[in-house]
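Coordinates in review
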Amino acid sequence: MVHWSAEEKQLISSVWGKVNVEECGAEALARLLIVYPWTQRFFDNFGNLSSPTAIIGNPKVRAHGKKVLTSFGDAIKNLENLKATYSKLSELHCEKLHVDPENFRLLGDILIIVLAAHFGKDFTPSCQATWQKLVGVVAHALAHKYH
Amino acid sequence: MLTAEDKKLVQQVWEKVSGHQEDVGAETLERMFAAYPQTKTYFPHFDLHHGSDQIRGHGKKVVAALGKAVKNLDNLSQALSELSNLHAYNLRVDPPRFPSQLLAQCLQVVLAVHLGKDYTPEIHSAVDKFMSAVAAVLAEKYR
């Protein structure tokens, strides 16, 4: 069971409260596909991913990015119970999607960079530390049902 | 690994931080120690409080070394040769993770904080590749 201090919970909710889930999600997923192009292997049916411009403008990327980050929001509402919250999603990523859990870590790190770019100095070292912990725990929960 | 375009972008970004090297270095290290406490194990002899002279001094060293790498993108192995020896034989920090993941992530966050929208996906990608290349050279002599 992961322990979250009152300060950590505050840092998480105060950042999350200001996040535009659609924009941030789209940007995070686009950057994943741009910075780590091998991740495109999971999105063969997304159409044009041939350049950063194509990826950023791709409506399927935007929609999927929004979906992914919306699900992240569920994690934030259920910090005390992440493994259960993500149990089905974990099975899905293992059994149907066949995603190497290393990719969850990559996406988590990218999300942090997107937040840093948006919030600037407000994304303090304590903020970053708390969010690195959060993305790590989410990645762990998503990998938990792998077999 | 690094295309001509990547090299240009890395040099551009480095231009932008050239006035603030000490700050960038110190902030990168501070974020690394906060987010990844295991990295503190390599600095038991340091005062790790916010604003410590040792962190500023060491941050400046790290950024200067990266700056040297940026000036020698066509010849990283040679430019970083001494540092590579140092990391392999003296410092022996955990090679795959320390420089490429943990330090790189924190450097990227500092750059993103300072550049905001200007930290474009293309620049993000180029810097990520650059830090991977640096880490690979530093790890060359480990065994």
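The structure reproduced in this document is the subject of the present report. Note that the coordinates shown come from a computational prediction; the quantities given were computed from them, not determined experimentally.

Thresholds, definitions, all that
- Residues numbered from 1 in each chain as written.
- Chains lettered and ligands numbered in written order.
- Predicted model: local features only at pLDDT ≥ 70, side-chain atom pairs only at ≥ 80, totals over all residues.
- Heavy atoms only, no water.
- Helix = DSSP H or I, 4+ residues; strand = E, 2+ residues; numbered from the N terminus.
- Buried < 20%, exposed > 50% of the residue type's maximum accessible area, 1.4 Å probe, protein only.
- Contact = heavy atoms within 4.5 Å.
- Core = buried A, V, L, I, M, F, W, Y, C linked by side-chain atoms within 4.5 Å.
- Salt bridge = Lys/Arg side-chain N within 4 Å of Asp/Glu carboxyl O.

1. Considering the environment of Ala26(A)
Residue and element names in this part refer to chain A. Along the chain, the position of Ala26 falls in helix H2 (residues 21–35). A relative accessible area of 4% places Ala26 in the buried class. The sequence separation of Ala26 and Lys77 amounts to 51 residues, and the corresponding C-alpha distance is 21 Å. Excluding residues that lie within four positions of it along the chain, Ala26 makes contacts with Val61, Arg62, Gly65 and Lys66.

2. Focus: the nonpolar core
Counting 96 residues, the largest nonpolar core has Phe72(A), Leu115(A), Phe123(A), Trp131(A), Leu134(A) and Phe130(B) as its most contacted members. At twelve residues, helix H6 (residues 98–115) of chain B tops the list of elements feeding residues into this core. In contact with Leu134(A), not counting residues within four places along its chain, are Trp4(A), Ile12(A), Phe72(A), Ile76(A) and Leu79(A).

3. Brief notes about the pattern of salt bridges
A side chain with one charge may pair with a side chain of the opposite charge, provided their charged atoms come close. Residue and element names in this part refer to chain A. Within the structure shown, the criterion is met by 16 salt bridges over all chains. For Arg31, the salt bridge goes to Glu27, with nearest N and O atoms at 3.1 Å. With Arg31 and Glu27 both in helix H2, this residue pair falls four residues apart, about one helical turn. The exposure class assigned to Arg31 is buried, which follows from its relative accessible area of 3%. Of the residues examined, Glu27 reaches a relative accessible area of 22% and is grouped as partly exposed. Salt-bridge contacts for Glu91 lead to Lys145; the nearest nitrogen and oxygen are separated by 3.8 Å. Placement of Glu91 in helix H6 (residues 87–96) and of Lys145 in the segment after helix H8 (125–143) is noted, with a sequence separation of 54 residues between them. Exposure remark for Lys145: the relative accessible area of 33% places this residue in the partly exposed category.

4. Details of unusual backbone geometry
Here His98(A), not a glycine, exhibits a phi torsion of approximately 55°, which is positive. Along the polypeptide, His98(A) turns up in the loop between H6 and helix H7 (102–119). The class of His98(A) is exposed, set by a relative accessible area of 53%. A positive phi angle, near 50°, is found at Arg92(B), a position not held by glycine. When you line up the elements, Arg92(B) lands in the loop between helix H5 (81–91) and H6.

Just geometry here; none of it tells us what the structure is for.
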